[in-house]
Structure formats: C-alpha cells, structure tokens
Amino acid sequence: MAEPRLPARIGALLASPRRALLEIDVRGGGVRDAVWLAVVGTVCFRLTELVQAITVGPTLFGVAHQTVLALGHELRSGVMVAVAAGLAITVMAGRGRRDPSRDIELGAACYVPFFAGRAPFRILQHDKLFGVNPMLTLAGDVLGLVGVVVMLLVALRIARGRPAAVTEAAAPAFRDRVAVTALAAVLGLAAALNAPSLAGHRLAAPDFVLPRIDETPGNVALADLRGKVVLLDFWATWCAPCLQMLPTLHELHAEWKDRGVEFVGINADGPGTTAADLRPFLLQHPAPYPIVLDDGQVGIRYRVDVLPQMVLLGRDGAVRRVFQGITGRAELAAALRTAVQ
C-alpha cells in the first residue's frame, strides 16, 4: 500500500495516534514529518519575518540568514520535543526493546500534538487580535505539553511491546480527516493574518511607548516620531559588540540629527532590569539621544535575536533595513542617506 500523504499522516497522529505511531515505528518518517510541519509553521506563523528577510535584507546572504533564522526558531521547539521524547522512550522502553533510531522517530512524532496545541494560542497573539500575551503563551505551551505527554505514553507502550507485528496501513479514518482539517484551518487563519505582509515591499514598524532612562524624564512614543527617519538600536550593557558600536552611533547621530533623523537606544538587558540598575552605566557612557528600557515585549515584536540589532525606519514608519551585529559606519551612513531622500 502506498504511503499516505503528509496531511493524512498528520491527521492520523492527531486522531489515531496508536495506529500512526505503529506505522512510524516500522517505517519511520516521524522526523521527516516534524520537519515538514515546522516548515509549514514557518510559512504560516512567520510570514512577516520571511517577507522582511526578502524585502529588507541587503544582500543574498542577509536574505538567507534571516530565512534560516526564522526556520530555526520554528524548528527549535520541535528539536527539543523530539530529543526529550526520544530519550525518554529509549530509557523506558526496557532491555532488549530499545532502538534509538526508531525511538527518535517516535519522539519526533510527539511534536505534532505540541504544534497543534500551541497553534490556536499563537494566532490569538497576532497584532491584529490580542497581541503578545504571556498568559496566552503559557496556555498554549501547557496544552502542547499535555499533547506531548499523551503521545509519549502511547509511543512508550509501542516501544515496550516490540517486537510487534504491524499490518499494512489502514485507510485514513474520518476522524483523521477531521483532525487534519481543523489544524489546516488554524494554519490557514495564521497565514491569512500574515498575508498583508505580501501586499507591500515594506513592513510597518510595531508601535511602542517606552520610558526614558537617561537624564531626560518622560517617554518615547514611536508614533510621535512619524515623519522622521528613525534608527532603533537594541543593545545591552553586557554585550561587548554593543559597546563597540557606541562611538559609531554617536558620530552618526551628530552628523544626521539636523537632517530629520532620530536615534533611539532600546536597552535589552533582560527581565528584572530597572532604570536604577542602568544609571551607573549611562553616567559612564552618556548617549546624545534618548535611551529607553524595553518592557520585554518590544524586542519580541521586532524579532530581536542578536545584539546589537539596529532597525532603520523610514519617514512613513516602515522598516527599511535591519542590521545585526557590528556594522560599519559607511554601511549605516549609506542606509541613512537613502532613507532621508
């Protein structure tokens, strides 16, 4: 019998896990399906990042780098689930029944309910719905982990029952189709919410209002800077490359501040950091432009993965360029020159 297609295999894992896992234990395919599901998740949930990689990346290498980062983030949870579940199956399968190559396939299959459990909550955190919400993230993680535990228990029974005769795969049951259709609907909604990213070449920068932590009191609201070119610098006191970039940024600010360009430094030292914690550093390294403290959400919205990360916004409030790591003065100046034109 021909092997079922990916949607049928995913549907079987969600609705008929024992039958699906028996097939994986004999034929494999758990790792392959987990990878494909991560690819689908990247397209549906991280479409904005992919569009940004294509339209904002300055070079082919930059496009590839950003695309790999987006896929890597989606794969990260899958790898963690697969390795942990596969190891648990190997340890608990029992002497004479352990088979690491088959156990990792079963472990990878545990990613499917984890992905499906988290998917609806990830949709709810879209900017057009409820936005980033730690409680929704926690609820999705809990539901996903419950699915992992249930799938792991079924996989463990199969592993402990080796060797077992497995018949040819049965035709997909109606409940399999219902399960995969429901997951497809969730993914379709995620893709639809992110589809507007394809409409234009530039992405609107997420808005924020953050408190200043330098000598000037008050807040910085991104909306108030509309009409100016804005360079956001995400940095941290413990980040050596960030400190290395400070002289360059200070020089560029002096050169461009009277030409409609505004710089904003966004500290990303991490949870629990307060303005009082950062004042000694700011006294030692005073900045000629506003410095604000991330509330834990702005960095997430701007997909900050590497520090320093500089985001250049046009006068229309759209993202023009993203720079990660140490960036040369000439490259930043050229980007500013293009943005102010």
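Residues numbered from 1 in each chain as written. Predicted model: local features only at pLDDT ≥ 70, side-chain atom pairs only at ≥ 80, totals over all residues. Heavy atoms only, no water.

### Some points on the overall build of the protein
Here is step 1 of the chain: Along its length, the protein carries 13 helices and eight strands.
Here is step 2 of the chain: Residue burial in the protein is summarised as follows: out of 341 residues, 48% are buried.
Here is step 3 of the chain: Residue pairs in contact within the protein that sit at least 24 positions apart in sequence constitute 76% of those at least 6 positions apart.
Here is step 4 of the chain: Accessible surface, the protein as shown: approximately 16,800 Å² in total, 63% of it carbon and sulfur. (Helix = DSSP H or I, 4+ residues; strand = E, 2+ residues; numbered from the N terminus. Buried < 20%, exposed > 50% of the residue type's maximum accessible area, 1.4 Å probe, protein only. Contact = heavy atoms within 4.5 Å. Areas by Shrake-Rupley, 256 points an atom, 1.4 Å probe, with all protein chains shown as cover.)

### What to know about the confidence of the model for the protein
Here is step 1 of the chain: For the protein, per-residue confidence averages 86 on the pLDDT scale, and residues scoring 70 or more make up 87% of the total.
Here is step 2 of the chain: Helix 4 (residues 47-56) is the least confidently modelled element of the protein, averaging 66 in pLDDT, while strand 5 (residues 261-267) averages 97, the highest of any element.
Here is step 3 of the chain: Scored below 50 in pLDDT, residues 164-169 makes ten contacts in the model with residues more than four places away or belonging to other chains. (pLDDT = per-residue confidence, 0-100.)

### Let's talk about the pattern of salt bridges
Here is step 1 of the chain: For the coordinates displayed, the defined rule picks out 14 salt bridges.
Here is step 2 of the chain: With a shortest N-O distance of 2.9 Å, D103 and R162 are connected by a salt bridge. Of this pair, D103 sits in helix 6 (residues 100-109) while R162 sits in the loop between helix 8 (134-160) and helix 9 (174-194), and the two are 59 residues apart along the sequence. Summarising the burial analysis for this pair, D103 and R162 share the class buried.
Here is step 3 of the chain: As a salt-bridge pair, R212 and D214 come within 2.9 Å of each other at their nearest N and O atoms. (Salt bridge = Lys/Arg side-chain N within 4 Å of Asp/Glu carboxyl O.)

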